Structure formats: C-alpha cells, structure tokens
2 protein chains.
Amino acid sequence: MAWFRNLKQLSSTKASLRFTNPHPFFPSTAPFAFLLSHFSSQASSDAVVARPPGLGPTAEGEKPRVVVLGSGWAGCRLMKGLDTSIYDVVCVSPRNHMVFTPLLASTCVGTLEFRSVAEPIGRIQPSISREPGSYFFLANCTGVNTDEHVVQCETVTDGLNTLEPWRFKLSYDKLIIALGSQPLTFGIHGVKEHAIFLREVYHAQEIRRKLLLNLMLSDVPGISEEEKRRLLHCVVVGGGPTGVEFSGELSDFIIKDVTQRYAHVKDYIQVTLIEANEILSSFDDRLRHYATKQLTKSGVQLVRGIVKDVKPQSIILNDGSEVPYGLLVWSTGVGPSPFVNSLDVPKSPGGRIGIDEWLRVPSVEDVFAIGDCSGFLESTGKQVLPALAQVAERQGKYLAALMNKIGKEGGARAGSGKDLELGAPFVYKHLGSMATIGRYKALVDLRQSKESKGLSMAGFISWFVWRSAYLTRVISWRNRLYVAVNWATTFIFGRDISRI
Amino acid sequence: MAWFRNLKQLSSTKASLRFTNPHPFFPSTAPFAFLLSHFSSQASSDAVVARPPGLGPTAEGEKPRVVVLGSGWAGCRLMKGLDTSIYDVVCVSPRNHMVFTPLLASTCVGTLEFRSVAEPIGRIQPSISREPGSYFFLANCTGVNTDEHVVQCETVTDGLNTLEPWRFKLSYDKLIIALGSQPLTFGIHGVKEHAIFLREVYHAQEIRRKLLLNLMLSDVPGISEEEKRRLLHCVVVGGGPTGVEFSGELSDFIIKDVTQRYAHVKDYIQVTLIEANEILSSFDDRLRHYATKQLTKSGVQLVRGIVKDVKPQSIILNDGSEVPYGLLVWSTGVGPSPFVNSLDVPKSPGGRIGIDEWLRVPSVEDVFAIGDCSGFLESTGKQVLPALAQVAERQGKYLAALMNKIGKEGGARAGSGKDLELGAPFVYKHLGSMATIGRYKALVDLRQSKESKGLSMAGFISWFVWRSAYLTRVISWRNRLYVAVNWATTFIFGRDISRI
C-alpha cells in the first residue's frame, strides 16, 4: 500500500520537523513554529482521527447513504434530483465533472472552449462538497459485493510526485450504477493505439492539439507534398451524429479559419467520413439525403467502407485500399465496459446490466442501474433503449424521484425497501433527434421512432433550434454564459488557434 | 530522417491507393476517385513542387527576410511593428502563441482561463499566416552561422503518431534573437524533477491539475492526517512578483472557493512562501511591509530560508529542517538559456547576449538581440536592464521602428546596412512596477528606480489600477473580452474547479 509507505516516510519527516530551528521571517510571527504545529499536531490526533480505510455501514443516527457510480448524464441528473435531507450522497468517478457531450465536437476546433462543456459535480449537487456525510471520490469502482452491500474502489492518481493508487471500501444503503459505456472497436487492430475517440474532454483536447500540430508541421520546409497531404487528411470513422457533427465542425473550421490562418497549406487539408452503411441511420431519409448533400458541398468526402486495420499513419479498408491519415477520429457507437461485463447479474440483450421497469437490478437488493450501462431485461417485454443522453437523463430524473419516494416511505436503509409500492414504472418517450452538419445547418427529427410519422426539418432554422435547444440544456448559468460568449467570439473573431 | 522514411512509405501507399476499387458512397460523386486524385496528384508534382529543405537566401525579386527567434514579449512586439510591405517575417518558436505572463498566475486557480492569456502569433502579425514569403515554424533554433547568414532549426513534434523531428536551415537578411531566459535553479538537486515553474501555459495547467488532484485525494478514505496536510501544503519558493502574486491568488482560492467546495478538507490546506531575503525586493519598503502584512493576514505563511534539496514530497532547508509539500512552485528568477550560453559572441554582465545602444550584436553583422536574452555590453557604459515584460516590449517596439527605418533607407538586405545612420539609440524609462497580493489588494510602485522618489500606493485602488492596466495591455479584443468575462464569472459564480 503506497499511502502507507508515504505515511511512514512522513512520520520521520514530522520528527525531523519537530527538532528544527528555522529563522522566522518575522520574529513576531515565528512562522516555522506555526509550520511545526501545522505538521506535528497530529502526533496525538493520528491515533484518534485516523479514518477507517473506507466508509462503513450507516448507523441509526446518520442519513442512509446512496452511492452513485459514474458522473455522466444519468448519474449527475440523479444526484441533482436526490433529496439530500433524506440521503447522504457519495459519488465515485474518475472525473470530477460531467461532460455536456452534445457540444463536445464543437470544442475540438475551438468553436467552444473545453470548460464551457464541463460541469463540476460540486455545482450539480453541492452537498457532496459540503455535507459531512456526502463525498465525491476520484476513483474507479473495481468490484461490488451485493450481499454485504459494499463496493470496492481504487483511487485515480496521476502518479507523478503524488500517491500511488490505493483501494478502499464503501458501504451503501442504495447503489446506483451509472457507469456508461465504452467505444466499440470491433476488435480491429490498432484502433486503441492510433485513433482518438470523442467521449471525454481530454479526447477533444488531444484532437485539437494534433490538428493544430499537423497544420503547423505541414508548413515546415523539408516536408514532401505527399506527407503534407497525409498530415492534413482528417479521417472520421463512423457516420453517427458524433461523427457527422465533428466532420461538419471540421469543414467549418477549414472553410472559415484554415483558409485565413493557414493560407500556405489550405489546399492540402481534406476531411473524409467513412461509414459502413448509411450516415445518421436514425434520422429520416429526407434529412439523411439533405445531410449528405450539405456535407459533400462543404468538402467532406463521404466514403462507404469498412475499416479492417489501423496503422500509425494509414488505415486499411475492407477492399484492401490503404488510406493515409494525419488525424483519425473513431466514433462507431458504444458497448458495455469490461467492468459491466464482469458483473455477475442477468444481462439485457446487448450485454448491458439487466433492469426491470423500475430501473432495479432485480436479482439483487438495493441496486439500480441507469444510462448506457443498463438495459431492460427481456422478461420486461420492453426494448433496450438507445445509448442517448436524453435516455440517461430521463432515467436519472425518474430514479431520483423514486429514491426520494422510497426514502419518504422509510425504505431508504439497506434492505428495508423490499415491500414498498414503487408506483408508476419508467416509461421513455423519445423527444426526437438533432444533429448539426456545419455551415449554420442542422437536422431536427421530432418523430418518436424511425417508423412513426412526425415533424422533421433541416437547414438554418433547425440549426437555430439546435443551438437554442442545447443552450437551454446546458446545466449551469455560468456555462450557459460561456457557451454564448464562445459562439459570439467565434462568429466575430474566428476560432482560437493557440496550441496550449 | 523520419519524414523521408514516411515519404517512402507513402509512395507505396499511393500505389496501393491507385489500384483499389472502393464502393463509392454515392456513385455520382465517386468519392474514392476523388480520394485517389487527392493523393496521387503528386506523382508528377512531387518532382516539381518538392521544397528545398529550408529557405535559401532571398533573391532580388523577393522581399528581404527578417527571421525572429522566439515568441515572447520582445519577439511578438517586434513582429507586430514590422512593416510587412518591406520585409517578409519568419518566426521560429516552440509555441505558436504569446503568453501574457503578468496574468499567468491567475490561471493556476481558475480566476482566469488559460486561453484568455494566450495570444496566437497569427493574430499579432497576420502576415505570417497569409503572405507567401512569411511563415511561422514550430521549431527550436539549434545553431546560428553568422558568416553565412543562416540559422539551423529543428521541428518540435509530439512524437505520438506524428513525425520525428527534422532539421532545416533558414537564410536571413536580418536576424532577431528574442529567445528569452530560463528559470534559475542554482543547481539545487531535484528542482527540475519535482518543482513546477510558472512561465508557460502548460506550467499553469500542471499546477491547476495537481492542486485539484490533491484536494480530491486528501478527501479519500484511508489517507492519514499527516498525508492530508502534506498533500494540501502548497509551497512557493521565491518572493518576487510571480511568487507573491501566485501566493495571493492561492490564498484567495482557499478563502473563497476551497471553503465552499472542499469543506471537508479546508482546514488542512496551507500556503507557505519561502524567500531567502526579502519579498518584492524591487518595491519600496512601505509597500513591502504592506504586502507582508496582507499576505500573512490572508493565511500565507512567510518563511525566510534557503532551499538546499528538493525531494519528491519534501524540501530540505539550509538549517536542515524538512518541509513536506503536495505542490511546489519555483520562481526564483531567470537566467540565460543553454543556447544563449552556447553562442560565441561577447556577453554582457550576467552572461546575456551583449548588445550596443541600438540593440545590435556588434561583433556580427545583421544580428540583433532583445528581451531577457540580451544585455548591454559593458563598453556601452549602460546597466543591464531587468528581465521584465515592459523592457522586452519596449525593445521590440524600438527595434521594429529601427528595422523599418533601415528598410526604407535601403539597408534591408543582408550585409547592406553597414554605413546607415541609425538615429537615436534605445533608452529605457521604467514606468514602475505592479503586483497583486490577493483579496482585492495590489501594489503600484511608480518610482523610476529603487532610489528615486515617486508615487507608490497599495490597497484596493491599486488593485483596481492593476486590473485596468493589464486589461488594457491584453493584446487582442477577443482576449480582453475573455479576461473581463472570466473576472466577472469568477466574482459571481466562483472559480471553475472541473479538472480537465
């Protein structure tokens, strides 16, 4: 246990501190004496205050504890809705913020800033940073013991000059699994090594850094025409909303900014979108054709093909053709994470954590699952819902209400909620889909399903609807302001190209 | 040469591309045919367009070329002022932006955003991204041949899936060395490995990430009181303006935000400023004492001591005392970089590149040096100027005017400026010093030198002056807007704590 090693090392440190006699900066304040007290006051307290390596079961006096795994749409919406007068909330996640994913693609080219789409969890549910019994832990969940109502966690650390990761245990009264999904690579060799996904802020940061690096490198003397074209060939694999929106943003960036700020190399840059079937398959045909026309118009090259192999500087398609690239973005849908696969519970079709109509994991007690990581069991006769932000958010909202209801009716403690009437089950009503395709154009498809009839529109108005809709969806006023300011400055001054 | 290897690899690529028969996404557009043309069009052009590995001497038809090494205050101000109808401008720097250093400390704790203090060079001098003969090269200068009027450069690459660095040569008509300085470590062991400097945006990013990481780790079960105090002990070495301003920002962050958002650990965080002599030695005594009082008031611990050794989790002071830390920021002044030391030219006291009153490097032709990397030769009878932004900026401005004058009088070409009348030499008039110390307080010292009399004030008004002054100095309107918005949102919503 690294932290224990550090602990011992510091005890000696402390000793060495106690016997020093530094020159105070101001004799009056005697700062080092203070520094000493600062570090040696634990001589006694260590024994007393020393925490158990985790949080034990909640006692009678304490509030019942809800442990939330994950900080995505589902988990954050749930935490936001939880009644903290009933529950203590403990969130376990490797990132301390929620990502407003629908706008992530815009950050890759500087239309939006990274922080404008990141929402600290402490803002979404302030009690985790204030209430004595509520916490946020920067950690990954490594195991669940449903019999003992305990989850095993491991801290996330940067290594560099800090602590090595250590494990700790959390007892829960209610456990909510909202761990999301992970990108599908279909076992294609080299994807993880050479392609960049577009799910987290650091993905967008990597894409932006690489795009700007390639733009600059391609202008340096001694580089061949061929190499220049490779560096500036941006390949997007996957024609879903993410892939299409990123391609659109990229072509916008090229049309509006690259021509201005990288005039020397503007004729060498090229965007290619590779999709095995049809782009935006969830949208209605009219919109799909409109999108295709618009993307082609703005210079995006649409290629139907299947990627067979990914090399450091080129991909191999199913027909054997080799396509060189300088930037490769991979967004071919998502699937269950290894941790979800490892969980020993009945699964839904597609291998997600099986849930019933009330989002419970029926096989075990006091455990719920929401968002991409969960899916209705076949026994419920319901379809597994798509991995969409709006599904996750709706589930989080519903479960928050359900948890509060259970709490009010005295079922909050571990094992005490069995025979409560849960009320209306969760029903999902699809509000429709939206996607921007660049050049002030977007698609809005308000049909409730692929088959059903309903309003669908495309063009500038849709783009305006798209922006307004998302602007109102952004969680905090702070970020709402920043998104608006980002959009305004991008419109007036162009995108920021400083590579920091 | 890596790029050459890649080139060969791509030629085969090209071949493999030429003989493929992909399924077009839309038969009408036949995208792959397009893709083919995109990559095979060079079959011929390769031979024709292939660039020489560098930029040769400028011919009669072309504009004379000014090569600027560095993109700091000096270099950027110079480029801004150069008459691009006379000169082609080529900038060589490892970063494509200028950092507004006086506000960098504020970005470490989220008072300002990183991009608000970064100014793309393309905005400062647009011609480098538009004019056919003007360039920005993301590279380091590795050598200068003043006889042949040539500089040797090496590209800066990220490695990761991109090219290996390669070397190229640039011929110059005029060379301006503005490479700045590097932090002094006094050969103390472990500084480079464990301490963070505060000179570049990535330094501020590292500090912010580490500060937030430590705040979160210190709240995780299984950590001892001792370790918690270590993680949250922020030690700043060096009591110059940078160290003081950072300490002030940090204490502001603790008082206003940590108490709110990290209530569990707020009592464990501590800021210590270590200085061997007096803090803010360049300011007048009254201000210095005021600063000391204010910093102590806001909880910053001032320690007089000399660091002897830096270990991963603690520093050893000259009296043998060991001080554990979680974050160590090092700002003990700057000195010449190894590259400057390696240059075979007469040096000024302090080992900087020796210059005359016109900022020329007298020993060689057509070479000038400005900013921290340069200092007046003893022969000039002038004092070496302090390493300040305002000195660098004033020199850049002066030299731009001088270069334009030389150009207008027909001395722009290499070797043709010898017997021109250069006019008035460079004279530096100190405008005074400013430093913020947190809690809406700042120091403004308008005396022209440490000895002379003059206005000096401290407190809220000074703080207001400090902010307004810098707000007006920020280069672009875009960043001026962002700095203002950042300050406003920080005031209203508090600082952003999402760790991205």
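Residues numbered from 1 in each chain as written. Chains lettered and ligands numbered in written order. Predicted model: local features only at pLDDT ≥ 70, side-chain atom pairs only at ≥ 80, totals over all residues. Heavy atoms only, no water.

### A closer look at the overall build of chain A
The test is simple: Only DSSP runs of H or I covering at least 4 residues are called helices, and only runs of E covering at least 2 are called strands; the numbering of each starts at the N terminus. With a 1.4 Å probe rolled over the protein chains alone, any residue whose accessible area is under 20% of its type maximum counts as buried; one over 50% counts as exposed, and the rest are partly exposed. In what follows, residue pairs with any heavy atoms lying within 4.5 Å of each other are defined as contacts. Accessible surface is estimated by sampling points in the Shrake-Rupley manner with a 1.4 Å probe; for residues, cover comes only from the protein chains shown.
Looking only at helices and strands, chain A has 16 helices and 24 strands in total. Counting the 500 residues in chain A, one finds 61% classified as buried. When contacts within chain A are restricted to residue pairs at least 6 apart in sequence, long-range pairs at least 24 apart make up 65% of them. Counting only carbon and sulfur atoms, one obtains 58% of the accessible surface of chain A, whose full area is about 18,800 Å².

### A look at the packing of aromatic side chains
Residues and elements named next belong to chain B. Which entries qualify depends on this criterion: Side-chain rings of Phe, Tyr and Trp (the six-membered ring for Trp) are treated as a pair once their centres are within 6.5 Å; stacked means planes under 30 degrees apart, edge-to-face means over 60, and tilted covers the remaining angles.
Across all of its chains, the model carries 18 aromatic pairs over all chains by this definition. Measuring from ring centre to ring centre gives 5.2 Å for Trp73 and Phe100, while their planes differ by 50°; the resulting arrangement is tilted. Remark: Phe100 occurs in the loop between strand 4 (97–99) and helix 5 (104–107) and Trp73 occurs in helix 4 (residues 73–81); sequence separation between them is 27 residues. Note on accessibility: Trp73 and Phe100 belong to one class, buried.

### A word on a nonpolar patch on the surface
How we decide: In this scheme, patches are assembled from residues that exceed 30% relative accessible area and form no salt bridge. Like charges are connected within 9 Å, while nonpolar side chains (Val, Leu, Ile, Met, Phe, Trp, Tyr) are connected within 5 Å. Salt-bridge detection follows one rule: a side-chain nitrogen of Lys or Arg within 4 Å of a carboxyl oxygen of Asp or Glu.
A surface patch of nonpolar side chains, about 350 Å² in accessible area, is lined by Phe460, Ile461 and Phe464 of chain A. One can find Ile461 of chain A in helix 15 (residues 460–473).

### Brief notes about the pairing of strand 3 (residues 88–93) of chain A
All names here are of chain A. Worth spelling out the cut-off: The pairing criterion is simple: DSSP has to find at least two bridges between the two strands. With strands facing away from the observer, any crossover in which the path from the first strand over the helix to the second runs clockwise is taken as right-handed.
Counting buried positions along strand 3 gives six out of six residues, so the element sits mostly inside the fold. Here strand 3 shows a buried face lined by Asp88, Val90 and Val92 and a second buried face lined by Val89, Cys91 and Ser93. Relative to strand 3, strand 2 (residues 65–69) is paired through five bridges, and the arrangement is parallel. By the bridge assignment, Val68 is partnered in strand 3 with Cys91. Handedness of the crossover joining strand 2 and strand 3 through helix 4 (residues 73–81): right-handed. The pairing of strand 3 with strand 6 (residues 135–145) spans four bridges and is parallel. Bridging across to strand 6, Val92 finds its partner in Phe137.

### Quick look at the sheet that holds strand 22 (residues 433–438) of chain A
Residue and element names in this part refer to chain A. Spelled out, the test is: Angular values range over 0 to 180 degrees, each being the angle between N-to-C directions of two axes fitted as lines to C-alpha atoms, with helices fitted over their stretch in contact.
Spatially, 22-23-24 is the arrangement adopted by the three strands of the open sheet, whose pairing is antiparallel. A single partner strand is all that each edge strand has here, and the edge strands are strand 22 and strand 24 (456–459). Strand-to-strand, the axes of this sheet are offset by a mean angle of 10°, without reference to chain direction. Its contacts with the sheet place helix 15 against strand 22, strand 23 (441–445) and strand 24, and it is angled at close to 75° to strand 23.

### Points about the packing of helix 4 of chain B against helix 14 (residues 389–408) of chain B
Axis angle and axis distance: for two packed helices, these are the angle between their axes and the distance between the axes, and together they describe the pair. Residues and elements named next belong to chain B. Inclusion rule: Roughly parallel means an angle under 35 degrees; roughly antiparallel means over 145; roughly perpendicular covers 65 to 115; every other angle is labelled oblique. If you view the pair so one helix is near and one far, a crossing is left-handed when the near helix is turned anticlockwise from the far one by less than a right angle, and right-handed when it is turned clockwise. Residue polarity is assigned by list, with Asp, Glu, Lys and Arg as charged and Ala, Val, Leu, Ile, Met, Phe, Trp, Tyr, Cys and Pro as nonpolar; anything else, Gly included, falls into the polar class.
Two elements in contact, helix 4 and helix 14, have axes whose closest approach is 7 Å; the angle formed by their N-to-C orientations is 30°. The angle between helix 4 and helix 14 places the two elements in the roughly parallel class. Handedness of the helix 4/helix 14 crossing: right-handed. Every residue of helix 14 that contacts helix 4 at Trp73, Ala74, Arg77, Leu78 and Gly81 is listed here: Ala389, Ala392, Glu393, Gly396, Lys397, Leu399, Ala400, Met403 and Asn404. A per-class count over the contact of helix 4 with helix 14 returns eight nonpolar, three polar and three charged.

### Focus: the sheet that holds strand 14 (residues 307–310) of chain A
Residues and elements named next belong to chain A. Read from one edge of the open sheet, three strands run 14-15-16, paired in antiparallel fashion. Unpaired on one side and paired on the other, strand 14 and strand 16 (322–324) mark the two borders of the sheet. Each neighbouring strand pair of the sheet contributes to a mean axis angle of 25°, computed without reference to strand direction. Two strands pair when backbone bridges link them, and strand 14 and strand 15 (residues 314–317) are joined in this way by three bridges, in the antiparallel orientation. Within strand 15, the position partnered with Val310 by the bridge is Ile315.

### Digging into helix 4 of chain A
Residues and elements named next belong to chain A. Counting buried positions over the nine residues of helix 4 gives seven, a clear majority of the element. Buried residues of helix 4: Trp73, Ala74, Gly75, Cys76, Arg77, Leu78 and Met79, and no others. For helix 4, the elements touching its buried residues are strand 2, strand 3, strand 4 (97–99), helix 6 (121–124), strand 9 (174–177) and helix 14 (389–408).

### Quick notes on the pattern of salt bridges
All names here are of chain A. Considering all chains together, one arrives at 45 salt bridges over all chains under this definition. As a salt-bridge pair, Lys174 and Asp366 come within 2.6 Å of each other at their nearest N and O atoms. Taken as a pair, Lys174 in strand 9 and Asp366 in the loop between strand 19 (353–355) and strand 20 (367–369) lie far apart in primary sequence, 192 residues in all. As far as the burial class goes, Lys174 and Asp366 line up, both buried.

### Regarding the side chain of Glu245 of chain B
All names here are of chain B. Our working rule: Neither His nor the chain ends is counted toward charge; the positive residues are Lys and Arg and the negative residues Asp and Glu.
Summarising the element assignment, Glu245 is placed in helix 11 (residues 241–261). For the buried residue Glu245, which engages in no salt bridge, the nearest side chain bearing the opposite charge is Arg467, 10 Å off. Not counting the four nearest positions on each side in its chain, Glu245 is found in contact with Pro102, Ala105, Met434, Ala435, Thr436 and Trp466.

### Things to note about empty space enclosed by the protein
Over the atoms, a rolled probe matching the size of one water molecule traces out where space is still vacant. Where we set the bar: Of the grid points, spaced at 1 Å and generated over the protein atoms alone, those admitting a 1.4 Å probe that cannot get out make up cavities, while open sets with protein on both sides within 12 Å along at least five of seven lines make up pockets; any residue with an atom within 4 Å of a point is treated as lining. Grid points are joined across faces, edges and corners, and a volume is the space filled by probe spheres set on the points.
For the structure on display, the rule yields seven cavities of 30 Å³ or more. Volume-wise, the largest cavity comes out at about 200 Å³. Taken together, 16 residues form the lining of the largest cavity, with Arg261 and Tyr262 of chain A together with Ile128, Ser129 and Phe136 of chain B sitting closest to its centre. Of all elements in the fold, only helix 9 (201–217) of chain A together with helix 6 (121–124) and helix 7 (127–130) of chain B reach the threshold of two or more residues within the lining of the largest cavity. Partitioning the lining of the largest cavity into residue classes produces 10 nonpolar, four polar and two charged. By volume, the second largest cavity is sized at about 170 Å³. Along the wall of the second largest cavity there are 14 residues; nearest its centre are Ile128, Ser129 and Phe136 of chain A together with Arg261 and Tyr262 of chain B. Elements with a minimum of two residues in the lining of the second largest cavity: helix 6 and helix 7 (127–130) of chain A together with helix 9 (201–217) of chain B. When grouped by side-chain class, the residues that make up the lining of the second largest cavity number eight nonpolar, four polar and two charged.

### Section: the domain arrangement of chain A
All names here are of chain A. The line we're drawing: As annotated, the domain borders come from an automatic or database domain assignment. By buried area we mean how much accessible surface two parts lose on assembly, using a 1.4 Å probe and totalling the loss over both.
With domains assigned, chain A is organised as domain 1 (65–181 + 336–409) and domain 2 (196–335 + 431–493). Computed from C-alpha coordinates alone, the two centres of domain 1 and domain 2 are separated by 29 Å. Listed per partner, the contact involves 34 residues of domain 1 and 32 residues of domain 2. Between domain 1 and domain 2 lies a buried interface of about 3,000 Å² when both sides are counted; carbon and sulfur atoms form 60% of it. Broken down residue by residue, the surface that domain 1 buries against domain 2 is led by Cys108, Val109 and Phe114, which jointly contribute 20%. Joining domain 1 to domain 2, the criterion identifies three salt bridges. In this structure, Glu113 and Arg208 form a salt bridge, with 3.2 Å as the shortest nitrogen-oxygen distance. Listed by contribution, the elements that provide at least two residues to the side of domain 1 that touches domain 2 are strand 4, helix 5 (104–107), strand 5 (118–120), helix 6 and helix 14. Broken down by element, the residue count for the side of domain 1 that touches domain 2 peaks at four residues, all from helix 5.

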